[in-house]
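# Structure assessment
Okay, here's what each chain looks like letter by letter:
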Amino acid sequence: MKPVHDMGVAELAAALRSRALSSREATQALLDRIAAHDKALGAFLHVDAEGALARAAAADAARAAGTAGALAGVPIAHKDIYVTADMPTTAGSKMLAGYRSPFDATVVARLNAAGTVSLGKLNCDEFAMGSANENSAYFPAHNPWDVSRVPGGSSGGSAVAVAARLVPGTTGTDTGGSIRQPASFTGITGIKPTYGICSRYGMIAFASSLDQAGPMARSAEDCALLLSNMSGFDERDATSVNQPPQDFHAQMLAAREGATAMQPLKGLRIGLPKEFFPAGLSADVNAAVRAGLAELEKLGATLVDVSLPRTELAIPVYYIIAPAEASSNLSRFDGVKFGHRAAQFDDLLDMYKKTRAEGFGPEVKRRIMIGTYVLSHGYYDAYYLQAQKLRRMIADDFQQCFTQCDLIAGPVAPTVAWKAGTGADDPTQAYLADIFTLPGSLAGLPGMSVPVGTGDGGMPVGLQLIGNYFKEGQLLHAAHALQQATDWHQRAPAGY
C-alpha cells in the first residue's frame, strides 16, 4: 500500500473502506507530516491535532457500526474563511484574531456529515483579498515547488497543503480566481462550481455576488467526490440554487454518447477564445497549455476558435464591483459585536476609526476605500452601474460562445508563479494577473484548473476549463479523461 500522504481522496477513501488502514492511522500520519513540513510552508493558521484524532476515532467507530458517511475518515482541511465551531476563524485578518464562531459553515457541516476529518484551518489572503497569499495578516504561504515563489491566492494555504501532500483535499473559495489560480501555480486540480451550487452560509463574505466555495485536490476525481458532498441547496443562503443533490462523481464517469475507450471526448467541442492567447501571454505558459489542448484533441475533442471580446474589460469591472460589495460587507467589523476592538478611544466614532485602522491590513483598506468611492453619491451611476451593465454583457459573450462550443479552454494566468515580494511596489500589478479568471467569475460560470505541464523554473502550469451553467459534470469528465492520459496531476514537488 502507498504511504498515506501519496494517496488522494478517492484512494484514501477506498483504503479506509477496505479497512486496509484506520482513520486514526491516516490522521496521525498526516499530522506528523504537517509538523515536519509546515513551518517552512505556512499552509496552516491552526492545527487541531487533538480534535482531529477524536474525529478520526469517531469515524472509525462509525465504520465499525456500519453508519459511516461517504468520505468517512478522510482527512481534509478548511480555508480559514469558513467559520468553524470547534476551531478559531480569522479570515487571515487581525480583525478576527481569536474569534470562535458559535456554528459551522454549511460547507463544513456537510463535509463533517460525510465523515471527513478536519485537521485545521488554512492560510489565506486577508478576507480573501489577494492573488499571492502575501496579504495574510499572520505570515505568507510559500509554494512547495519553489519556496521563494508565491503559491497564488487567495486560497494559497489550501493549494500548498494539497501540493505538499499534507492533506489529500481542501476547501477553497473563488471570487475572481482564488481556487483556479493557486491550483495552477502549485500543480493541483481545483474547481469553482456555478455560482449558487455551494452554500455561502458561514463563509465570511468578501463580494457576495461573486464568492463561491469549491474543492482543491490532486485530481478531478478527488474534486468530484468532495464537491458532491459539500454542495446542495441551503435555505439559509438566499443565493443558493434550489436543485436536487448532484452526484458529480457519477457525472464525471458517465460515458459520452458516441465515445470510445481511446476517444472518451469524441464529439466534445472546446472553444479557444483568441483573447485568452494574447501576445503578452508568456511563451512557457502558452506551450504547456497548447500541449494540454493537443492531448484533449487526441482524446477526441474538437478545438474551435471563438471570441470573448470584452475580456480586457473584466479587470476594471471586477475591481469596481468586488470592492463595492466588500466595503458594504466589511462595515460589520466595527469593534462593537465581535472581533478586534481598539484598546483606547475617546468616543464611539473614535472607536470605529481606531478599530478598523488597527484591524485591517493595507489591501483590505485599499479595497474598502475604492468600494466606498464608487458607491458614493455622484459616482454610483458613473462607475458601479456601468460596471454592472458590462458584467451582463460579459455573461452574454459567454452564452454566444456556448452556441459554438461545449467548453471553453485557455490559460489560468499569464505567467507561472512569481517571486514573493514582486508586487510590493505596485499592488495593482497583481490585479492584471487575474485577466483570464475574472470573466468566468463575473458570469457566475463553473471553471477549473487542471495541471498540464511546467514552465520557467520547473513551475507548474494549469489549463483552465470553463463550462456553461450547471455543467460541472461535463467539466470534470473532460478533466478526468485528460488525467487518465497524463500524469501531471500525480507529480509532487521535490522533497514532498
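Residues numbered from 1 in each chain as written. Predicted model: local features only at pLDDT ≥ 70, side-chain atom pairs only at ≥ 80, totals over all residues. Heavy atoms only, no water.

As named in an unreviewed UniProt entry, the chain is Glutamyl-tRNA(Gln) amidotransferase subunit A, taken from Pelomonas cellulosilytica. If you open the UniProt record of the chain and go to Function (unreviewed entry), you find "Allows the formation of correctly charged Gln-tRNA(Gln) through the transamidation of misacylated Glu-tRNA(Gln) in organisms which lack glutaminyl-tRNA synthetase. The reaction takes place in the presence of glutamine and ATP through an activated gamma-phospho-Glu-tRNA(Gln)." UniProt's Catalytic activity (unreviewed entry) comment on the chain is quoted here verbatim: "L-glutamyl-tRNA(Gln) + L-glutamine + ATP + H2O = L-glutaminyl-tRNA(Gln) + L-glutamate + ADP + phosphate + H(+)". (UniProt positions renumbered as here; feature names shortened; annotations may be inferred.)

## Some remarks on the overall build of the chain
Helix and strand content of the chain: 16 helices and eleven strands. For 496 residues, the compact-globule estimate of 2.2 N^0.38 gives 23 Å, and the chain sits close to it at 21 Å. Taking all contacts inside the chain whose residues are at least 6 apart in sequence as the whole, residues at least 24 apart take part in 76%. Accessible area of the chain: about 18,300 Å², with a carbon and sulfur share of 54%. Counting 42 positive and 47 negative side-chain charges, the chain places the centres of these two groups 2 Å from one another. (Helix = DSSP H or I, 4+ residues; strand = E, 2+ residues; numbered from the N terminus. Rg over C-alpha atoms; globule rule 2.2 N^0.38 Å. Contact = heavy atoms within 4.5 Å. Areas by Shrake-Rupley, 256 points an atom, 1.4 Å probe, with all protein chains shown as cover. Lys, Arg positive; Asp, Glu negative; His and termini not counted. Charge placed at Lys NZ, Arg CZ, Asp CG, Glu CD.)

## What to know about the environment of isoleucine 81
Mapping isoleucine 81 onto the fold places it in the loop between β2 (75-79) and α4 (106-113). By relative accessible area, which is 1% here, isoleucine 81 ends up buried. In sequence terms isoleucine 81 and threonine 171 are 90 residues apart; their C-alpha atoms lie 9.6 Å from each other. With sequence-adjacent residues up to four places away left out, isoleucine 81 is seen in contact with Ala91, Phe127, Ala128, Thr173, Gly202, Met203 and Ile204. (Buried < 20%, exposed > 50% of the residue type's maximum accessible area, 1.4 Å probe, protein only.)

## Brief notes about the UniProt feature "active site" (unreviewed entry) in the chain
Feature annotation in UniProt places "active site" (unreviewed entry) on Lys79, Ser154 and Ser178, given in this structure's numbering. The greatest C-alpha distance among the residues just named is 11.2 Å, despite their covering 100 residues of sequence, which places them together in space. Restricting the annotated residues to those that line the largest cavity leaves Ser178. Mapping serine 154 onto the fold places it in the loop between β3 (117-122) and α5 (156-163). A residue is classified by how much of its surface remains accessible, and serine 154, at 1% relative accessible area, is buried. As for its position among the elements, serine 178 is in the loop between β4 (169-174) and α6 (180-186). Leaving out residues up to four positions away in the same chain, serine 178 has contacts with Ala128, Gly130, Gly153, Ser154, Ser155 and Thr173. Within the local environment of serine 178, its side chain forms a polar contact with the backbone nitrogen of serine 154, the two atoms lying 2.9 Å apart. (1 Å grid on protein atoms, 1.4 Å probe; cavity = no way out; pocket = protein on both sides within 12 Å on 5 of 7 lines; lining within 4 Å. Polar contact = N/O pair within 3.5 Å; in protein donor to acceptor, adjacent residues only side chain to side chain.)

## So, the packing of aromatic side chains
By convention here, two paired aromatic rings are described through the distance between centres and the angle between planes. Per the counting criterion, the structure on display carries 14 aromatic pairs. Between phenylalanine 127 and phenylalanine 333, the ring centres sit 5.0 Å apart and the planes meet at 50°, which makes this aromatic pair tilted. Taken as a pair, phenylalanine 127 in the loop between β3 and α5 and phenylalanine 333 in the loop between α10 (314-329) and α11 (348-359) lie far apart in primary sequence, 206 residues in all. The exposure class assigned to phenylalanine 127 is buried, which follows from its relative accessible area of 0%. (Phe/Tyr/Trp six-rings, centres within 6.5 Å; stacked < 30°, edge-to-face > 60°.)

## Topic: the packing of helix α7 (residues 220-230) against helix α16 (residues 472-485)
Between α7 and α16, the shortest axis-to-axis distance is 8 Å and the interhelical angle comes to 150°. Classified by the angle between their axes, α7 and α16 sit roughly antiparallel to one another. Between α7 and α16, the residues in contact are Ala220, Glu221, Cys223, Ala224 and Leu227 and Glu472, Leu476, Ala479, His480 and Gln483, respectively. (Axes fitted to C-alpha atoms, helices over the stretch in contact; angles between N-to-C directions. Parallel < 35°, antiparallel > 145°, perpendicular 65-115°, else oblique.)

## Examining the side chain of serine 101
Within the secondary structure, serine 101 is located in the loop between β2 and α4. Given a relative accessible area of 4%, serine 101 falls into the buried group. A distance of 2.7 Å separates a polar atom in the side chain of serine 101 from the backbone oxygen of phenylalanine 103. Those residues in contact with serine 101 that sit more than four places away from it in its chain are Val83, Thr84 and Ala85.

## Considering the pattern of salt bridges
Tallying each qualifying case throughout the model produces 17 salt bridges. Across the pair lysine 298 and glutamate 295 runs a salt bridge, and its minimum N-O distance is 3.5 Å. Linking lysine 298 with glutamate 295, this pair stays in helix α9 (residues 283-298), spanning three residues, or about one helical turn. A salt bridge links aspartate 397 to arginine 310; its shortest N-O distance comes to 2.6 Å. Of this pair, aspartate 397 sits in helix α13 (residues 380-401) while arginine 310 sits in the loop between β8 (302-306) and α10; the two residues are 87 residues apart in sequence, bridging distant segments of the chain. Under the relative-accessibility criterion, aspartate 397 is labelled buried at 12%. In this structure, a network of salt bridges that share partners links the residues Asp48, Arg55 and Asp86. (Salt bridge = Lys/Arg side-chain N within 4 Å of Asp/Glu carboxyl O.)

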